[in-house]
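Chain and residue survey
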Amino acid sequence: MVDPADFTTAIKGVRGATKQMVVHMSDQSDTSTLVGFIVPKKVFPHAVDRNLVKRRLRHLMASRLEQIEGRKVAIRVLPGIRGVSFHALEESLDLAIVKACKKVGQQ
């Protein structure tokens, strides 16, 4: 997702949060599934670190697209993500997605 309007749509919807991230999900179903990532410079000042987090999240989201089918999703990283292992990142993402889906009424 690169269009600012898509991010706005996702952020205005529901959200599910953990200590490491917030998953914003549009509350209206659409024909296309879009996922975007927000990794602020305040959390990771170096571009290498920001890109690493985005690559990991992109890899994890590839297998979870059927859970969010027809939604716009923006994943915002929080400072609690520093030093978290890949496995812990996966668990945090799953929990945040489940919380957001419950608010939407998908699951």
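Each chain carries its own residue numbering, running from 1 in the written order of its sequence. Only residues with pLDDT of at least 70 are given local features in this predicted model, and only at 80 or more are side-chain atom pairs given and counted; all residues enter the totals for whole chains, interfaces and linings. Side-chain numbers come from the whole structure's heavy atoms, not from hydrogens or water.

**Some details on the sheet that holds strand E1 (residues 14-17)**
For two strands to count as paired, DSSP must find a minimum of two bridges between them. Counting from the N terminus, the helices are DSSP H or I runs at least four residues long and the strands are E runs at least two residues long. What the four strands build is an open sheet, ordered E1-E2-E4-E3; its pairing is mixed. At either end of the open sheet lies a strand with only one pairing partner, and these are E1 and strand E3 (34-38). Sheet twist, expressed as the mean angle between neighbouring strand axes with direction ignored, is 20°. Looking at chain direction, E1 and strand E2 (residues 21-25) are connected through four bridges and run antiparallel. A fitted line through C-alpha atoms serves as each axis, taken over the contacting stretch for helices, and the angle formed by two N-to-C directions is quoted from 0 to 180°.

**Regarding the side chain of lysine 72**
Following the sequence through the fold, lysine 72 ends up in strand E4 (residues 72-77). Partly exposed residues are those whose accessible area sits between 20% and 50% of the maximum for their type, while under 20% is buried and over 50% is exposed, using a 1.4 Å probe and protein chains only. Using a relative accessible area of 13% as the deciding quantity, one classes lysine 72 as buried. Within the structure, lysine 72 has its side chain in polar contact with the side chain of aspartate 6 (distance 3.0 Å). For this analysis, residues touch if any pair of their heavy atoms sits within 4.5 Å. Residue contacts for lysine 72: discarding those within four places in its chain leaves Asp6, Thr9, Ala10, His24, Met25, Ser26, Asp30 and Leu34. By the criterion applied in these results, polar contacts are pairs of N or O atoms within 3.5 Å in which, for protein atoms, one can donate a hydrogen and the other can accept it, and in which residues neighboring in sequence qualify only through two side-chain atoms.

**Some remarks on the pairing of E1**
Of the two faces of E1, only the one carrying Val14 and Gly16 is buried; Arg15 and Ala17 on the other face are not. With antiparallel pairing between neighbouring strands as the criterion, E1 and E2 make up a hairpin whose turn holds three residues.

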